[in-house]
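# Geometric and topological summary
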Amino acid sequence: MTATIDQVSEKTFDYIIIGGGTSGLTLATRLSEDPALSILILEAGADNLNDPAILTPAAYGSHFGNPSYDWAFKTEPQANVNGRSVPWPRGKGLGGSSAINFFQYHLANKGDYDAIEKLGNPGWNWELFKKYQLKTETFIEPEVKDQSINYDLAHHGNEGPLTVSHALTLSGLEKPFNDSLVKFGILPAPEPNTGTWLSPLTIHPKNRIRSYAANSYYTLASSRQNLTVLTGAHVVRLESRKDGNLLTATGVTFIYDKQTHLVKVGREVVLSSGAILDPQILELSGIGDKKLLEKHNIEVKLDLPGVGSNIQEHVFFTATHEIREDKKEEVQTFDNLHDPVEREKQIALFQKEGKGLLGLAINIMAFVPLSQLSPDSDTIYTQLKKTVDEGIASGKYSSLQRKQYRLQLEALKRGSPNCEIILVQGAPAIPGLAKPGKKYGAFYLLLNHPFSRGSIHIKSADPIDYPAIDPHYFEEEYDIHLLIELFKFSRRLAKTEPLQSYLLDEVHPGPECQTDEQIADFIKTYLVTTYHTIGSCSLLPLEDGGVVDTKLKVYNTTNIRVVDVSILPLHIGAHLQATAFTIGEIAADIIKGNV
Ligand SMILES: Cc1cc2nc3c(=O)[nH]c(=O)nc-3n(C[C@H](O)[C@H](O)[C@H](O)COP(=O)(O)OP(=O)(O)OC[C@H]3O[C@@H](n4cnc5c(N)ncnc54)[C@H](O)[C@@H]3O)c2cc1C
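Procedures and definitions
- In every chain, residue numbers begin from 1 and rise along the written sequence.
- Residue-level local features of this predicted model are given only where pLDDT is at least 70; pairs of side-chain atoms are given and counted only at 80 or more, and the full residue set underlies all totals for whole chains, interfaces and linings.
- Calculation of side-chain values draws on the structure's entire complement of heavy atoms; hydrogens and water are dropped beforehand.
- Numbering goes from the N terminus for both helices and strands, where a helix is a DSSP run of H or I of at least four residues and a strand is a run of E of at least two.
- For a compact globule the rule gives 2.2 Å times the number of residues to the power 0.38, and the radius of gyration it is set against comes from C-alpha atoms.
- Exposed residues in this analysis have more than 50% of their type's maximum accessible area, buried residues have under 20%, and partly exposed residues fall in between, with area computed by a 1.4 Å probe over protein chains only.
- Two residues form a contact once any of their heavy atoms are found within 4.5 Å.
- Note on areas: Shrake-Rupley with a 1.4 Å probe; residue coverage comes only from the protein chains shown.
- Neither His nor the chain ends is counted toward charge; the positive residues are Lys and Arg and the negative residues Asp and Glu.
- Where a charge lies is defined by one atom per residue type: Lys uses NZ, Arg uses CZ, Asp uses CG and Glu uses CD.
- The cutoff for a nearby residue is simple: one of its non-hydrogen atoms must lie within 4 Å of the molecule or strand.
- Polar contacts, as used here, are pairs of N or O atoms within 3.5 Å; protein pairs need one atom able to donate a hydrogen and one able to accept it. Residues neighboring in sequence count only if both atoms are side-chain atoms.
- UniProt positions are given in the numbering used here, feature names are shortened, and annotations may be inferred rather than shown by experiment.
- Here the aromatic set is Phe, Tyr and Trp, taking the six-membered ring for Trp, and pairing holds for ring centres within 6.5 Å; pairs whose planes are under 30 degrees apart are stacked, those over 60 apart are edge-to-face, and all others are tilted.
- By the convention used here, strands pair only if DSSP detects at least 2 bridges between them.
- To qualify as a nonpolar core, a set must consist of buried Ala, Val, Leu, Ile, Met, Phe, Trp, Tyr and Cys residues joined through side-chain atoms within 4.5 Å.
- Each C-beta atom gives one direction from the helix axis, and the arc is the one those directions make.
- An axis is simply a line fitted to the C-alpha atoms; with a helix, the fit covers only the stretch in contact. Between two such axes, the angle follows the N-to-C directions and lies from 0 to 180 degrees.
- Any angle between 65 and 115 degrees counts as roughly perpendicular, while under 35 counts as roughly parallel, over 145 as roughly antiparallel, and the rest as oblique.
- Two helices crossing with the near one rotated counterclockwise from the far one by less than a right angle form a left-handed crossing, whereas a clockwise rotation gives a right-handed crossing.
- Gly counts as polar in this scheme, as do all residues outside two lists: the nonpolar Ala, Val, Leu, Ile, Met, Phe, Trp, Tyr, Cys and Pro, and the charged Asp, Glu, Lys and Arg.

## Describing the overall build of the chain
Each helix and strand in the chain was counted, giving 15 helices and 24 strands. Scaling as 2.2 N^0.38, a compact globule of 595 residues should have a C-alpha radius of gyration of about 25 Å, and the chain matches this with 23 Å. Taking the principal axes of the C-alpha coordinates as reference, the chain spans close to 70 × 65 × 45 Å. Across the 595 residues of the chain, 63% fall into the buried class. Pairs at least 24 apart in sequence give 74% of the contacts found in the chain among residues at least 6 apart. Within the structure as shown, the chain displays about 22,200 Å² of accessible surface, and the carbon and sulfur contribution to it stands at 51%. Across the chain, the mean location of the 57 positive side-chain charges is 1 Å away from that of the 71 negative side-chain charges.

The following block contains the structure:
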């Protein structure tokens, strides 16, 4: 049961968690295990519990633009992607982005977490993330023991709140994709993910519904008397007092039903409002870059220039092929789900028998180093290193970028996976692309370790005004260079047996797109977000632009923490939800004094 405003307004809680999303609900569930503590979650969206629009698998993208589920952000116009403002959907409501995401559930490779420690964060490494990820999930072994499915029980939990398993239906494209990649030396991956892989998913294979923060973690805790959840509560700012140099949060101001309210805090305020809105709430609270706050006439409580800087985002674009006529019956794709009548039929079939297209998932993926994909990888590395060296010599890069780039270059040199290819069973939603009666296979080509750095800052002191999201796409040329190489690789892969026997010629962009300039223009026109923003409240030493310390506490505060993916200081080669749940688990143990 969610609370009424009278149970919250002007009351005091030990812990106030802002945002009932992925990390926030994880943290709240663990903290409320102690009946002596009172915990409040303030969530701007609705509870959306038991909503089929969230629970039904294969609902990819159907929530986008719907204010009941999606904040529907947009970037500032991006100079290097033809001036486009790129839509950034993000989950709104209990469960946050875990309620609308695409189900893949996995950590990145070891080196990506160890890099967090190397940036000056003792203890924040692979061992820590692995230990706590095991707490998040109960892994159910798949009934279909297809040879494409590869997993290692040592890397899975068996007592966690989330249910994780593998897709109920295979499309028929898994094995040809794997076998063609082997011809390039890219082998099926052991866990964790390096190589070709079918990602585990947060779909309950028995109930056949999405497993996410609200029906896993929150369900465990929802009847506890010490946990209060207020939905429809949009947090505006933290109230605070200053004792010497240290800031202490005393309460939280929020808007509920168009009225402004205050709730007081006994111990700590935790921001779990996601990487886009954490910086807005901090800046509206007077915590951020002094010059920016003064520009908006906000009283400066803490000059903390790292807030909203160091933004890194995964992006991708799609190359689409038609499935050959003689393979159409053999291969299952999402294409038929665009027909509303067929979709209803498939939902009924899935609910009754667990069969059909809804059991398909976006899960066929490979995490590979550039050196395995491009014959020009040595030249690209040499050019990149030269650019970085010149940038350092000219003073173009901050001390943080210098450290990050050194680690990124080292990772490239040792052949750590930095590219991702997903084979999606169906055409992307580009108007006019998919023809009725045809089936498609599409390569999603992803940039996971960008060199460009962006920012997210308030545009005004109005809390309802969305912040300016400026990822600075392709400001570092290597980022687009890598995508061009990935695209060329996807063409070679499509022409390699056995995949070649399944895929007809590329229909988008198509054969007329040949030169690097043409490919770059296609990428700039169709680039989309992978929904994985990090860095806006980075876990880093203060002198490198850090916002939180290794206990996730905001610098120079006594009781304000940030607990969500905004703390990641350098991007990882994985989809982010497993890391978000894991951060919630780690934070709970930090607060309990166990880490
Ligand atoms: C469309 C989409 C698809 C994705 N697909 C995958 C995938 O397949 N696999 C994967 O691993 N990852 C995926 N991700 C990414 C992953 O789901 C997120 O990175 C992760 O869930 C983020 O967790 P979080 O706790 O940081 O933020 P969120 O889960 O987004 O939680 C933030 C919460 O804070 C609330 N909030 C924000 N501001 C306020 C405020 N002012 N007052 C009160 N409440 C507020 C929000 O409404 C939200 O509920 C996807 C994300 C999206 C959006």
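The rest of the description comes next.
## A word on the site of the ligand
Near the ligand there are 38 residues, and of these Thr22, Glu43, Ser97, Gln104 and Gln577 occur at the shortest range. Residue Thr22 places a side-chain N or O atom 2.6 Å away from an oxygen atom belonging to the ligand. Val235 has a polar backbone atom sitting 2.9 Å from a nitrogen atom of the ligand. For the ligand, whose accessible area on its own is 1,000 Å², the fraction buried by protein is 97%.

## Details of the side chain of Asp544
Looking at the element boundaries, Asp544 is found in the loop between strand E23 (528-529) and strand E24 (560-562). Residue classification places Asp544 among the buried residues on the basis of a relative accessible area of 6%. At 2.8 Å, the side chain of Asp544 forms a polar contact with the side chain of Ser399. Once you skip the residues sitting within four places of it in the chain, Asp544 turns out to touch Ser399, Leu400 and Lys403.

## Topic: the UniProt feature "binding site: FAD" (unreviewed entry) in the chain
The UniProt record annotates "binding site: FAD" (unreviewed entry) at Thr22, Ser23 and Val235. Mapped onto the secondary structure, Ser23 falls in helix H1 (residues 22-31). Residue contacts for Ser23: discarding those within four places in its chain leaves Ser272, Val563, Asp564, Val565, Ala580 and Gly584. With respect to the secondary-structure elements, Val235 resides in strand E11 (residues 233-243). Under the relative-accessibility criterion, Val235 is labelled buried at 7%. In contact with Val235, other than residues within four places in its own chain, are Ile18, Leu42, Val252, Thr253, Phe254 and Ile281.

## Remarks on the packing of aromatic side chains
On inspection of all chains with the given rule, the structure shows 23 aromatic pairs. Their ring planes at 45 degrees and their centres at 6.1 Å tell us that Phe317 and Phe487 sit as a pair that is tilted. Of this pair, Phe317 sits in strand E16 (residues 315-323) while Phe487 sits in helix H13 (residues 478-494), and the two are 170 residues apart along the sequence. In this pair, the class of Phe317 matches that of Phe487, namely buried. Taken together through their ring pairs, the aromatic side chains of Tyr60, Phe64, Phe102, Phe103, Phe334 and Tyr531 make up a single cluster.

## Examining the environment of Gly546
With respect to the helices and strands, the residue Gly546 is situated in the loop between E23 and E24. Of the residues examined, Gly546 reaches a relative accessible area of 2% and is grouped as buried. Measuring from C-alpha to C-alpha, the distance between Gly546 and Thr4 comes to 37 Å, with 542 residues separating the pair along the chain. Residues within four places of Gly546 in sequence aside, it is in contact with Leu304, Ser538, Leu540, Pro541 and Tyr555.

## Topic: the pairing of strand E19 (residues 440-447)
By the criterion of burial, E19 is predominantly enclosed, with 8 of the 8 residues buried. Burial along E19 is two-sided: the residues Tyr440, Ala442, Tyr444 and Leu446 and Gly441, Phe443, Leu445 and Leu447 are all buried. Both E16 and E19 contribute to a ladder of 8 bridges, which runs antiparallel. Bridge assignment links Val315 to a residue of E19, and that residue is Leu447. With 6 bridges connecting them, strand E18 (residues 419-424) and E19 associate as antiparallel partners.

## A closer look at the nonpolar core
In this structure, Leu42 and Trp124 are the most contacted members of the largest nonpolar core, which totals 89 residues. Examining the composition of this core, we find that 9 residues originate from one element, helix H15 (residues 577-591), more than from any other. When neighbours within four sequence positions are excluded, Leu42 is seen to be in contact with Val8, Ile16, Ile17, Ile18, Gly19, Gly20, Leu230, Ala233, Val235, Val252, Phe254 and Val263. By size, the runner-up hydrophobic cluster in this structure holds 63 residues, among which are Leu170, Val388, Leu447 and Ile480.

## So, the side chain of Gln425
As for its position among the elements, Gln425 is in the loop between E18 and E19. In terms of polar contacts, Gln425 uses its side chain to reach the backbone carbonyl oxygen of Ala361, at 3.0 Å.

## Let's talk about the environment of Ala214
Structurally, the position occupied by Ala214 is in helix H6 (residues 214-221). Here the alpha-carbon distance between Ala214 and Ile5, two residues 209 residues apart in the chain, equals 21 Å. Every residue in contact with Ala214, bar those within four places of it in the chain, is listed here: Leu25, Leu49, Leu94, Gly95 and Thr219.

## Considering unusual backbone geometry
Backbone torsion omega between Glu497 and Pro498 reads 5 degrees, so that peptide bond is classified as cis. Checked against the element boundaries, Pro498 lands in the loop between H13 and strand E22 (503-508). Put simply, His508 and Pro509 share a cis peptide bond, and its omega is 10 degrees. As for its position among the elements, Pro509 is in the loop between E22 and helix H14 (516-526).

## Brief notes about H14
Residues spaced three or four apart along an α-helix point in a common direction, a consequence of the helix completing one turn every 3.6 residues. All buried positions along H14 are accounted for by Ile519, Ala520, Phe522 and Ile523. The buried residues of H14 occupy an angular sector of 160 degrees when the element is viewed end-on, so they sit on one face.

## Side note on the packing of helix H11 (residues 377-393) against helix H12 (residues 399-413)
How two helices sit against one another is set out by the angle between their axes and by the gap between those axes. In contact at an axis separation of 11 Å, H11 and H12 are set at 165 degrees when each is read in the N-to-C sense. As judged from the angle between their axes, H11 and H12 are roughly antiparallel. Here H11 runs over H12; the crossing is left-handed. Counting all contacts with H11, which are made through Tyr381, Leu384, Lys385, Val388 and Ile392, the residues of H12 involved are Arg402, Tyr405, Leu409, Leu412 and Lys413.

## Things to note about the packing of helix H4 (residues 126-136) against H15
In contact at an axis separation of 8 Å, H4 and H15 are set at 100 degrees when each is read in the N-to-C sense. Between H4 and H15, the interaxial angle falls into the category roughly perpendicular. Together, Leu128, Phe129, Tyr132, Gln133, Lys135 and Thr136 of H4 and Thr579, Phe581, Thr582, Ile583, Glu585, Ile586 and Asp589 of H15 make up the contact between the two elements. Residue composition of the contact of H4 with H15, by class: 6 nonpolar, 4 polar and 3 charged.

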